[in-house]
Protein chains: 2
Amino acid sequence: MKRTLKPIFAINFDEKQIKMTQLDIENYIPHLSIDCVIFGYEAKTLKVLISKHKLGQGSWVLPGGYIRKTESIDAAASRILKERTDLENIFLEQFKVFGAENRIIGSNIRENLKSELEQTFGEENANWMTSRFVCIGYYALVDIRKVNPQNGQLDDYLEWRSINEIPEMIHDHNEILQCGLETLRQHLDQKLIGFKLLPETFTMKEIQELYEAVYAKPFAMNNFQKKMLDSGVLERLEKKFTGAANKAPYLYRFRS
Amino acid sequence: MKRTLKPIFAINFDEKQIKMTQLDIENYIPHLSIDCVIFGYEAKTLKVLISKHKLGQGSWVLPGGYIRKTESIDAAASRILKERTDLENIFLEQFKVFGAENRIIGSNIRENLKSELEQTFGEENANWMTSRFVCIGYYALVDIRKVNPQNGQLDDYLEWRSINEIPEMIHDHNEILQCGLETLRQHLDQKLIGFKLLPETFTMKEIQELYEAVYAKPFAMNNFQKKMLDSGVLERLEKKFTGAANKAPYLYRFRS
């Protein structure tokens, strides 16, 4: 998935694609964007899908996009996620609006980006894209094995990164990611949405490992098991009889 | 505070004020608004400050406004609250974005409102004001005794209404209020912000009454008292010695 960064001024954009964007701007709400914190879980690690930008000297960014004048903000977020992950019906929720007056305009990186965007999209579009934006943060939970990352128009490549290895990103995107992570931690308990990150059936050990990855701390096994069982959301499946049946752990699934 | 509704087409707007608004539109972010659920507590009742609109055949609305291109969304919300309550440094927090594509355009009331706005503000401004808006909901907690309600440009009057007596409001404003109330209920416990609705010192009975008003249900006294004391946020003040000291309840205040 990872590729070498191309030199900034030698990007071969698809001509047709650029033209579409130039026409498109009028169909989007100005000054309002969506950025997505897309969480996946793999190898006992909580990961986030981030993008290496073609422009801005290869900045890291959260996958994001704009809102069409004819779609709801939730529909826009679903579309943006579909464009990047090739998945539909993803679990996603807005978590916060980021609306500091200088979150983009004040950034030096943005000034460099603007001249690159002008060369590619023309002055009018570059002005639109680098004007002040208020950003609605959405977080999403996906089954990482089902995701087929798709580059957006300005993505060089997309990459799953452990939450312990997030690079410095553009603007306030690190703050947005951190806030999305805190929301996931709150909701994992309140809304019991953890199963969206797990396969259909799992052992108690597996779900504990997920919780430990999300909260970045260990849980005492007995307490954890009691809490999960007391919550009443888990259904214990029958063990299949095998020679080693009594050593095999029980499998659970979430009640629907 | 309550006044008789004036006939819709006989409103005497201040000419200068209207002119300012006409000039002002360019200084605001289009398609993005803030609506506020302003909570106060009085006579064992949780109340919300709502506005009777001059236009729209006297619709009820939540106090709201637009965001200047040069201010953060939090600063905009503070300014809107200051304009309506005459208070500064109010506790306020965003709680949700309301972004259905038809939340305003699809409304019949809005169509009537548009022709009224055209007569008052001219076609360009009326188009701007009745275009699609994505709305950021903020909730605020105020000391009701300190509030001096101030009419906005389009308010006929503002009124404190018990949460049990909220009239039908314009657009999705009832949904916004309900969502603000649910957020207050969550945060009252999580963030222990209840003291912003109480005087500086209070009895255990008084804070229990506040909780009961917010949650609209009774709490068992012993459990409630234990929970509040266990949370460690309350400081018990010394009783003053009087003849009836042993009958007077303890006073508490929140630790700062």
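Computed from a prediction, not measured in an experiment: that's the story for all the values here. (Residues numbered from 1 in each chain as written. Chains lettered and ligands numbered in written order. Predicted model: local features only at pLDDT ≥ 70, side-chain atom pairs only at ≥ 80, totals over all residues. Heavy atoms only, no water.)

## Points about the overall build of chain A
In step 1: Within chain A, the secondary structure is distributed over seven helices and ten strands.
In step 2: If you take every contact in chain A between residues at least 6 apart in sequence, the share linking residues at least 24 apart comes to 75%.
In step 3: When the accessible surface of chain A is summed, it comes to about 13,200 Å², and 47% of that surface belongs to carbon and sulfur atoms. (Helix = DSSP H or I, 4+ residues; strand = E, 2+ residues; numbered from the N terminus. Contact = heavy atoms within 4.5 Å. Areas by Shrake-Rupley, 256 points an atom, 1.4 Å probe, with all protein chains shown as cover.)

## Remarks on the side chain of Asp35(B)
Residue and element names in this part refer to chain B.
In step 1: If you trace the backbone, Asp 35 turns up in strand 1 (residues 28-42).
In step 2: An unpaired buried charge is present at Asp 35: no salt bridge exists, and Arg 103, the closest side chain of opposite charge, is 4.1 Å distant.
In step 3: Each residue touching Asp 35, except ones within four places of it in the same chain, is listed here: Leu 62, Pro 63, Gly 64, Arg 103, Cys 135, Ile 136, Gly 137, Tyr 138, His 173 and Ile 176. (Buried < 20%, exposed > 50% of the residue type's maximum accessible area, 1.4 Å probe, protein only. Lys, Arg positive; Asp, Glu negative; His and termini not counted. Salt bridge = Lys/Arg side-chain N within 4 Å of Asp/Glu carboxyl O.)

## Side note on the packing of aromatic side chains
Aromatic rings considered in pairs are described by the distance between their centres and by the relative angle of their planes.
Residue and element names in this part refer to chain B.
In step 1: In total, this model carries 30 aromatic pairs over all chains according to the counting rule given.
In step 2: Taking the centre distance of 5.9 Å and the plane angle of 85° together, the rings of Trp 60 and Tyr 157 count as edge-to-face. Highlighted residues: Trp 60 in strand 3 (residues 60-61) and Tyr 157 in strand 7 (residues 155-162), separated in sequence by 97 residues.
In step 3: Exposure remark for Trp 60: the relative accessible area of 8% places this residue in the buried category.
In step 4: For the ring pair Phe 219 and Phe 224, a centre distance of 5.8 Å and an interplane angle of 45° mean the geometry is tilted.
In step 5: Looking at Phe 219, the relative accessible area reads 23%, which means it is partly exposed. (Phe/Tyr/Trp six-rings, centres within 6.5 Å; stacked < 30°, edge-to-face > 60°.)

## What about the domain arrangement of chain A?
Residue and element names in this part refer to chain A.
In step 1: Partitioning chain A into domains gives domain 1 (14-190) and domain 2 (198-254).
In step 2: The gap between the C-alpha centroids of domain 1 and domain 2 is 34 Å.
In step 3: Each partner contributes to the interface: domain 1 provides eleven residues, whereas domain 2 provides twelve residues.
In step 4: Note on domain 1 versus domain 2: buried area summed over both sides is about 980 Å², and carbon and sulfur give 58% of it.
In step 5: The largest contributions to the domain 1 side of the interface with domain 2 come from Tyr 41, Arg 185 and Leu 188, which together make up 55% of the buried area.
In step 6: Summed over the shared surface of domain 1 and domain 2, the result is one salt bridge.
In step 7: Between Lys 44 and Glu 209 there is a salt bridge, and its shortest N-O distance comes to 3.4 Å.
In step 8: Counting across the domain 1 and domain 2 interface gives six residue pairs in polar contact (both at pLDDT 80 or more).
In step 9: At the level of elements, strand 2 (45-53) and helix 5 (173-190) are the ones that each hand at least two residues to the side of domain 1 that touches domain 2. (Domains from an automatic or database assignment. Buried area = accessible area lost by both parts, 1.4 Å probe. Polar contact = N/O pair within 3.5 Å; in protein donor to acceptor, adjacent residues only side chain to side chain.)

## Here's the deal with the pattern of salt bridges
In step 1: One pass over the structure, following the stated rule, counts 24 salt bridges over all chains.
In step 2: Here Arg145(B) and Asp143(B) are joined by a salt bridge, their closest N and O atoms 2.8 Å apart.
In step 3: In this structure Arg145(B) comes out as exposed when scored by relative accessible area, which is 58%.
In step 4: A network of salt bridges, in which partner residues are shared, links Lys44(A), Lys205(A) and Glu209(A).

## Here's the deal with the relation of the copies chain B and chain A
In step 1: Rotating chain B by 180° and moving it 0.0 Å along the rotation axis overlays it on chain A with an RMSD of 0.0 Å. Within this description, the copies of the chain are treated as partners about a two-fold rotation axis. (Least-squares fit on C-alpha atoms with pLDDT ≥ 70 in both.)

## What to know about the packing of helix 6 (residues 204-215) of chain A against helix 7 (residues 221-230) of chain A
Residues and elements named next belong to chain A.
In step 1: Interaxial distance between helix 6 and helix 7 falls to 11 Å at its minimum, and their mutual angle equals 100°. Classified by the angle their axes make, helix 6 and helix 7 are roughly perpendicular. Of the residues in helix 7, those in contact with Met 204, Ile 207, Gln 208 and Tyr 211 of helix 6 are Met 221, Phe 224, Gln 225, Met 228 and Leu 229.
In step 2: Class assignment for the residues of the contact of helix 6 with helix 7 results in seven nonpolar, two polar and no charged. (Axes fitted to C-alpha atoms, helices over the stretch in contact; angles between N-to-C directions. Parallel < 35°, antiparallel > 145°, perpendicular 65-115°, else oblique. Nonpolar A, V, L, I, M, F, W, Y, C, P; charged D, E, K, R; others polar.)

## Some thoughts on the side chain of Asp172(B)
Residue and element names in this part refer to chain B.
In step 1: By secondary structure assignment, the location of Asp 172 is in the loop between strand 7 and helix 5 (173-190).
In step 2: In this structure Asp 172 comes out as buried when scored by relative accessible area, which is 12%.
In step 3: In terms of polar contacts, Asp 172 uses its side chain to reach the side chain of Arg 103, at 2.7 Å.
In step 4: Discounting chain neighbours no more than four positions away, the residues touching Asp 172 are Phe 98 and Arg 103.

## Some remarks on the pairing of strand 10 (residues 251-254) of chain A
Residues and elements named next belong to chain A.
In step 1: Alternating residues of strand 10 divide into Tyr 252 and Phe 254, all buried, and Leu 251 and Arg 253, none buried.
In step 2: As defined by bridge partners, strand 9 (residues 234-236) adjoins strand 10 across three bridges and the pair is classed as antiparallel. Within strand 10, the residue paired with Glu 235 across the bridge is Arg 253. (Pairing = 2+ DSSP bridges.)

## What about the environment of Ala140(B)?
Residues and elements named next belong to chain B.
In step 1: Residue placement: Ala 140 occurs in strand 6 (residues 134-141).
In step 2: For Ala 140 and Ala 77, which are 63 residues apart along the polypeptide, the C-alpha to C-alpha distance reads 9.5 Å.
In step 3: With sequence-adjacent residues up to four places away left out, Ala 140 is seen in contact with Val 37, Ile 38, Phe 39, Leu 81, Ile 90, Phe 91 and Leu 92.

## Remarks on the packing of helix 5 of chain B against helix 6 (residues 204-215) of chain B
All names here are of chain B.
In step 1: Direction vectors running N to C along helix 5 and helix 6 enclose 145°, while the axes themselves pass 10 Å from each other. In this structure, helix 5 meets helix 6 at a crossing whose hand is left-handed. For the pair helix 5 and helix 6, contact is made by Leu 181, Leu 184, Arg 185, Leu 188 and Asp 189 and by Tyr 211, Val 214 and Tyr 215, respectively.
In step 2: Taken together, the residues of the contact of helix 5 with helix 6 sort by class into six nonpolar, no polar and two charged. (Left-handed = near helix turned anticlockwise from the far one by under 90°.)

## Section: unusual backbone geometry
In step 1: For Lys44(A), which is not a glycine, the phi torsion comes out positive at approximately 60°.
In step 2: Here Lys44(A) shows up in the loop between strand 1 (28-42) and strand 2.
In step 3: A relative accessible area of 55% means that Lys44(A) is categorised as exposed.
In step 4: Not every positive phi belongs to a glycine, and His31(B) is a case in point at roughly 65°.

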